[in-house]
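Analysis of the macromolecular model
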Amino acid sequence: MSRPLVVTDCDEVLLHMVRHFRAWLGEEHGIEFLLEGNPFAQSVRRRDTGEAVPEGELWALLNAFFESEMSRQTAIEGAAAAIAELQREADVVVLTNLVDRFNESRARQLREHGIGARVVTNQGPKGQALRRIVEDYAPPRAVFIDDLARHHESAAEVLPSISRLHFCGEPAIAPHVPCALASGHAHARIDTWDEALPWLLETLHGAPR
């Protein structure tokens, strides 16, 4: 018999990313990341001119960060212990929006933080990738965890039966990200692992949402 399944994002759910990306942008590129509003579209500016960094350049910088700076990333408090507890009774897959060449480095990075799990890389909305993972495992119950509302919307459209937890473990941006619970695309919004773990265990045991 198959086990329940947890499919979770990585950055801002298992590992801090934005705070370290922000520090690197300032140190190496003279770019200020204000962590306000929509963090990747509105709050990244050059220190010397105040000009916004074009979105295409910003994504190139983000890829460069993952190319050389993943060692900067630190674990979200309680993430490793929570994943270990979940793995006692469920399969756990990390669905992360990185280009495929970063798959093994992401898996290695997570192992270094005490999280051993299958990693699936993806680009764009996560609904279709999530559907493929769920079809592969055929679990009796499944939960999806992500910090971005657009991925919950995609999951709700493609796989409406899956339970969805909106989780953003970075306090600097959590108040600013659009809330998937408020939009009706998530079943809960919890931003700390000590509160999220009981909800996840209850959901995996089939408690009503």
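Scroll up to find the structure this text is about.
Presented here is an overview of the structure given in this document. (Residues numbered from 1 in each chain as written. Predicted model: local features only at pLDDT ≥ 70, side-chain atom pairs only at ≥ 80, totals over all residues. Heavy atoms only, no water.)

Section: the state of the cysteines
Our working definition: Any two cysteine sulfur atoms lying within 2.5 Å of each other are counted as a disulfide.
Across all of its chains, the model carries 0 disulfides by this definition. No disulfide involves C10; its nearest neighbouring cysteine sulfur is the one of C168, lying 13 Å away. Of all cysteine sulfurs, the one in C168 lies closest to C179, which takes part in no disulfide; the gap is 10 Å.

A word on the packing of helix α3 (residues 79-87) against helix α7 (residues 193-204)
Counted only if it meets this: For helices, the fitted line uses only the C-alpha atoms of the stretch in contact; every axis is such a line through C-alpha atoms, and the angle between N-to-C directions lies from 0 to 180 degrees. For helices the rule is a DSSP run of H or I covering at least 4 residues; for strands it is a run of E covering at least 2, with both sets numbered from the N terminus onward. Angular relationships are summarised with four words: roughly parallel below 35 degrees, roughly antiparallel beyond 145, roughly perpendicular across 65 to 115, and oblique for the angles in between. By convention, the crossing between two helices is left-handed when the near helix turns anticlockwise from the far helix through less than a right angle, and right-handed when the turn is clockwise. Whether two residues are in contact is decided by their heavy atoms: any pair within 4.5 Å suffices. Polar here means any residue other than Ala, Val, Leu, Ile, Met, Phe, Trp, Tyr, Cys and Pro, which are nonpolar, and Asp, Glu, Lys and Arg, which are charged; Gly is therefore polar.
Remark: α3 packs on α7, axes separated minimally by 10 Å, with the N-to-C direction vectors making an angle of 15 degrees. The orientation of α3 with respect to α7, classified from their angle, is roughly parallel. The interaxial crossing formed by α3 with α7 has right-handed handedness. Residues A79, A82, I83, E85 and L86 of α3 form the contact with α7, whose own contacting residues are W193, L197, L200, L201 and L204. Among the residues forming the contact of α3 with α7, the class breakdown is 9 nonpolar, no polar and 1 charged.

Re the environment of F33
Counted only if it meets this: Only protein chains enter the accessibility calculation, which uses a 1.4 Å probe; a residue is then buried when its area is under 20% of its type maximum, exposed when over 50%, and partly exposed in between.
Along the chain, F33 turns up in strand β2 (residues 31-33). When its relative accessible area of 1% is taken as the criterion, F33 is described as buried. For the pair F33 and E157, spaced 124 residues apart in the sequence, the C-alpha separation amounts to 32 Å.

Describing α7
Definition in use: Multiplying 1.5 Å by the residue count of a helix minus one yields the expected span of that helix.
With 12 residues, α7 should cover 16 Å at 1.5 Å per step; its first-to-last C-alpha distance of 16 Å lies within 8% of that length. Contacts from the buried residues of α7 go to β1 (5-8), α3, β6 (142-146), β7 (163-166) and β8 (188-189). Among the residues trailing α7, G206 stands out with phi positive, at a value near 90 degrees.

Quick look at the side chain of H152
Condition: Here a polar contact is recorded for every N or O atom pair within 3.5 Å, except that within protein the pair must consist of a potential hydrogen donor and a potential acceptor, and residues adjacent in sequence are included only if both atoms are side-chain atoms.
Looking at where H152 falls in the secondary structure, it is placed in helix α6 (residues 149-158). Note on H152: relative accessible area 0%, which makes it buried. Polar side-chain contacts of H152 include one of 3.3 Å to the backbone oxygen of L165. Those residues in contact with H152, other than ones at most four positions away along the chain, are F144, D146, R164, L165, H166, A180, H185 and A186.

Digging into α6
Along α6, the positions that sit buried rather than exposed are A149, H151, H152, S154, A155 and A156. Where α6 is buried, its residues contact α5 (127-137), β6 and β7.

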